[in-house]
Amino acid sequence: MVAAFTSISPHPLSSSLYHKFQPSLLAYGLSSTTESTNLSSRGRNSSTYGPLRIQNAATKPAKSPAEEDWKIKRQVLLEKKVRSVDVKEALRLQNENNFVILDVRPEAEFKEAHPAGAINVQIYRLIKEWTAWDIARRAAFAFFGIFQGTEENPDFIQSVESKLPKDAKIIVACSAGGTTRPTQNLPEGQQSRSFIAAYLLVLNGFKNVYHLDGGIYKWIKEDLPLESDE
């Protein structure tokens, strides 16, 4: 049994270039010796393949572990109805409906500038320990010119719980925001720190979790109220 073809279309080049064409067994995905022999024989005796280009139904490249992980997180976010709000709506919700902006950027970035009234619990932190594994991770970051390697903050949920109740209305923010909306180049949207944080929050029982579309960059660009701890 042969695999289905994606398309069969005239090849732009002269058919004389294809007189020696032999169908690839891999293209048909055959495992039977008998089928392979018969198929090769049909290919030699048929002129059908001469003027045509045959494209097999090749699957898309396998997703990386990070892409698969984001796909799972994105599905949970959609199921839990974590909605993205733009920065002006976020400011209105903060002022009129007691929403809290949870800035999950590193503490140093938060202190430099953040939305007025926001609280900070970083989703990633600088690598703190000096075990052999941590030293190896630092070396890996340094290889790419990053000399302050980070790791997921294991105390993230505990820190949020110490500052906010489970029924708090939370807008999670990071630098750029990311998106769950699919595009031609990003069919699963774009992961971000704020989405990772929102995912952890809804998994741990927080009921009213929103996401800041465009992130702090957009907040600053729109010239909305900022504070600094420096």
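Residues numbered from 1 in each chain as written. Predicted model: local features only at pLDDT ≥ 70, side-chain atom pairs only at ≥ 80, totals over all residues. Heavy atoms only, no water.

The name that an unreviewed UniProt entry assigns to the chain is Rhodanese-like domain-containing protein 14, chloroplastic isoform X2, with the source organism given as Salvia divinorum.

Trainee: Teacher, can you tell me more about the sheet that holds strand β3 (residues 83–85) here?
Mentor: What holds strands together in a sheet is hydrogen bonding between their backbones, with the strands either parallel or antiparallel. Read across the sheet, five strands follow the order β3-β10-β9-β4-β6 without closing on themselves; strand pairing throughout is parallel. Bordering the open sheet on either side are β3 and β6 (119–120), each of which pairs with just one other strand. With two bridges connecting them, strand β4 (residues 100–103) and β6 associate as parallel partners. Looking at the pairing, L102 lines up with I119 of β6. Packed on one face of the sheet, helix α4 (residues 87–96) meets β3, β4, β9 (169–173) and β10 (208–212) and runs near 95 degrees to β3. (Pairing = 2+ DSSP bridges. Helix = DSSP H or I, 4+ residues; strand = E, 2+ residues; numbered from the N terminus. Contact = heavy atoms within 4.5 Å. Axes fitted to C-alpha atoms, helices over the stretch in contact; angles between N-to-C directions.)

Trainee: Help me understand the packing of aromatic side chains, please; the structure alone is not making it clear to me.
Mentor: Any pair of aromatic rings gets described here by the distance separating the centres and the angle formed by the planes. Summed over the entire model, instances satisfying the criterion amount to two aromatic pairs. For the pair W70 and F195, a centre-to-centre distance of 5.7 Å together with 40 degrees between the ring planes defines the contact as tilted. One end of the pair, W70, is in helix α3 (residues 65–79); the other, F195, is in helix α8 (residues 193–203), and 125 residues separate them in sequence. Here W70 matches F195 in class, with each residue buried. Aromatic pair F99 and Y210: ring centres 5.1 Å apart, planes at 75 degrees, arrangement edge-to-face. On the criterion of sequence distance, the pair formed by F99 in the loop between α4 and β4 and Y210 in strand β10 is long-range, its members being 111 residues apart. (Phe/Tyr/Trp six-rings, centres within 6.5 Å; stacked < 30°, edge-to-face > 60°. Buried < 20%, exposed > 50% of the residue type's maximum accessible area, 1.4 Å probe, protein only.)

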